[in-house]
Amino acid sequence: MPFYDNHSNRPITHFGERIAKAEAESRWKKILEHLPEKQGSVLEIGPGRGYVASWLQENSRLRYVAVDVNKNILESISSIGVLAWVPPLPFQGSTFNVSYASHVLEHMANFREALLFLEEMQRVVVHGGLVCCVTPDFRASPFHFWNVDYSHSFPLTPRRLVQIYQDVGLEIVALYAASGPIIGKLAFPLGVLARLLPSW
């Protein structure tokens, strides 16, 4: 399927790759703080260039599975990959300890699809597991949100994300601002400043 071939075929700079690897590391260190037993399995929806897969393989005992709509993306990572358009997720319920989606929820067409997506992420996770979403904060980059990707359809803010989690019946364990590999109070202003840079 050609969807997101432009992403998978686009070269990445050395600096961009270092930032992406640092992002995967900082985010997963935070996630693992909230996972009682550091074992089991992880489902990543939309693995991108495979930085999370690589970091988890090198730094954890978690079994990793990816799902994506693009076969080229799946073939580029050295892990188990399932080709599927989601939602729904092509897995049985209570299969994974963590379901993780970075920059996927904003691609849902509307709030109904976003709710279904989170319900599916919840369905495939064992009781007590984690449902983790990384999304752009529309407040920090209103124009950039629409300009960066033609498939961005569902703007999110922390408040909107919390509301969706609550409507699905998920308990919010933690909510962090992040900008690149920076997590915490400095992340939001850094994100705003980063969006002032030209995006061509």
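Notes on the structure in this doc start here. Just so you know, these numbers come straight off a predicted model, no measurement behind them.

### Some words on the packing of aromatic side chains
For any pair of aromatic rings, the description consists of the separation of the ring centres together with the inter-plane angle of the planes. Applying the stated criterion across every chain yields a total of 5 aromatic pairs. With 5.2 Å between their ring centres and 90° between their planes, Phe91 and Phe96 make a pair best called edge-to-face. By relative accessible area, which is 16% here, Phe91 ends up buried. Relative accessible area serves as the criterion here: at 2%, Phe96 is assigned to the buried category.

### As for the packing of helix 2 (residues 14–33) against helix 3 (residues 51–59)
Their axes nearest at 9 Å, the elements helix 2 and helix 3 cross at an angle of 55°. Classed by the angle they form, the pair helix 2 and helix 3 counts as oblique. In this structure, helix 2 meets helix 3 at a crossing whose hand is right-handed. Judged by residue contacts, Glu17, Ala20, Lys21, Ala24, Glu25, Trp28, Lys29 and Leu32 of helix 2 engage Tyr51, Val52, Trp55 and Leu56 from helix 3.

### Some thoughts on the packing of helix 5 (residues 111–123) against helix 7 (residues 158–168)
One way to put it is that helix 5 packs onto helix 7 with a least axis distance of 10 Å and a crossing angle of 60°. Here helix 5 lies oblique to helix 7, going by the angle between them. Between helix 5 and helix 7 the crossing geometry is right-handed. Across the interface between the two elements, Ala114, Leu115, Leu118, Glu119 and Gln122 from helix 5 touch Ile164, Tyr165, Asp167 and Val168 from helix 7. Across the contact of helix 5 with helix 7, the residue classes break down as 6 nonpolar, 1 polar and 2 charged.

### Concerning the environment of Arg27
Turning to its location among the elements, Arg27 is positioned in helix 2. Remark: the alpha-carbon pair of Arg27 and Gly180, spanning 153 residues in sequence, is separated by 9.6 Å.

### Here's the deal with the sheet that holds strand 3 (residues 80–83)
Spatially, the 5 strands line up as an open sheet ordered 3-2-1-4-5, and their pairing is parallel. Each edge of the sheet is formed by a strand with only one pairing partner; in this case those strands are strand 3 and strand 5 (125–134). Going from strand to strand, the sheet's axes swing by 20° on average, the running direction of each strand aside. Note that strand 1 (residues 41–45) and strand 4 (residues 96–102) share 4 bridges and pair parallel. If you follow Leu43 over to strand 4, its bridge partner there is Ser99. Each of strand 1, strand 4 and strand 5 touches helix 5; the most contacted strand, strand 5, lies at about 140° to it.

### Remarks on the pattern of salt bridges
Scanning the entire structure with this criterion turns up 5 salt bridges. The closest approach of N and O atoms between Glu33 and Lys30, which form a salt bridge, is 4.0 Å. Taken together, the residues Glu33 and Lys30, both in helix 2 and 3 residues apart, mark about one turn of the helix. You can call Lys30 partly exposed: its relative accessible area is 26%. For Arg139, the salt bridge identified is with Asp137, shortest N-O distance 2.6 Å. For Asp137, a relative accessible area of 17% gives the class buried.

Criteria and cut-off values
- Residues numbered from 1 in each chain as written.
- Predicted model: local features only at pLDDT ≥ 70, side-chain atom pairs only at ≥ 80, totals over all residues.
- Heavy atoms only, no water.
- Phe/Tyr/Trp six-rings, centres within 6.5 Å; stacked < 30°, edge-to-face > 60°.
- Buried < 20%, exposed > 50% of the residue type's maximum accessible area, 1.4 Å probe, protein only.
- Axes fitted to C-alpha atoms, helices over the stretch in contact; angles between N-to-C directions.
- Helix = DSSP H or I, 4+ residues; strand = E, 2+ residues; numbered from the N terminus.
- Parallel < 35°, antiparallel > 145°, perpendicular 65-115°, else oblique.
- Left-handed = near helix turned anticlockwise from the far one by under 90°.
- Contact = heavy atoms within 4.5 Å.
- Nonpolar A, V, L, I, M, F, W, Y, C, P; charged D, E, K, R; others polar.
- Pairing = 2+ DSSP bridges.
- Salt bridge = Lys/Arg side-chain N within 4 Å of Asp/Glu carboxyl O.

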